[in-house]
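Understanding the architecture of this molecule
What follows is the residue order along each chain.
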Amino acid sequence: MNLNPSHSQTPQFGNNKSQTTAILHREPTYEEMHGKPANVFANISAFLLIAITVLALSYMYLRSSEKEIQFQEEQSLARQAEYKGVNQ
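Bear in mind that the values here come from a model prediction, so they are computed numbers and not experimental data. (Residues numbered from 1 in each chain as written. Predicted model: local features only at pLDDT ≥ 70, side-chain atom pairs only at ≥ 80, totals over all residues. Heavy atoms only, no water.)

1. Details of the overall build of the protein
- Of the regular secondary structure elements, the protein holds 2 helices and 0 strands.
- Counting all 88 residues of the protein, 0% fall into the buried class.
- As displayed, the protein offers around 9400 Å² of accessible surface, 60% of which is attributable to carbon and sulfur atoms. (Helix = DSSP H or I, 4+ residues; strand = E, 2+ residues; numbered from the N terminus. Buried < 20%, exposed > 50% of the residue type's maximum accessible area, 1.4 Å probe, protein only. Areas by Shrake-Rupley, 256 points an atom, 1.4 Å probe, with all protein chains shown as cover.)

2. Description of a nonpolar patch on the surface
- On the surface, Val40, Ile44, Phe47, Leu48 and Ile52 cluster together to form a nonpolar patch covering roughly 520 Å² of accessible area.
- Its location among the elements puts Phe47 in helix α2 (residues 40-87). (Patch = residues over 30% accessible without salt bridge, like charges linked within 9 Å, V, L, I, M, F, W, Y side chains within 5 Å. Salt bridge = Lys/Arg side-chain N within 4 Å of Asp/Glu carboxyl O.)

3. Thoughts on the pattern of salt bridges
- Applying the stated criterion to the full structure yields 1 salt bridge.
- The shortest N-O distance in the salt bridge between Glu66 and Arg63 comes to 3.7 Å. Taken together, the positions of Glu66 and Arg63, both in helix α2 and 3 residues apart, correspond to about one turn of that helix.

Given below as structure tokens:
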């Protein structure tokens, strides 16, 4: 009879296999040390995309501001004309 009861349901394995390989250290490659060479075309394209987006948003903001100022001036002139007509 077994004097030490096992409460675990895990199986018993015969040998312990190591999870490490025979090669523990290797020198880093050139790419790992210095990175990949820069792709100039991709960098220029990304910069132009960002620049065009910023310029377009700036233009839209300025254009809408000009239209808002023009609209407010027209409303102001219309109210002034209406006020002059009422007071005369």
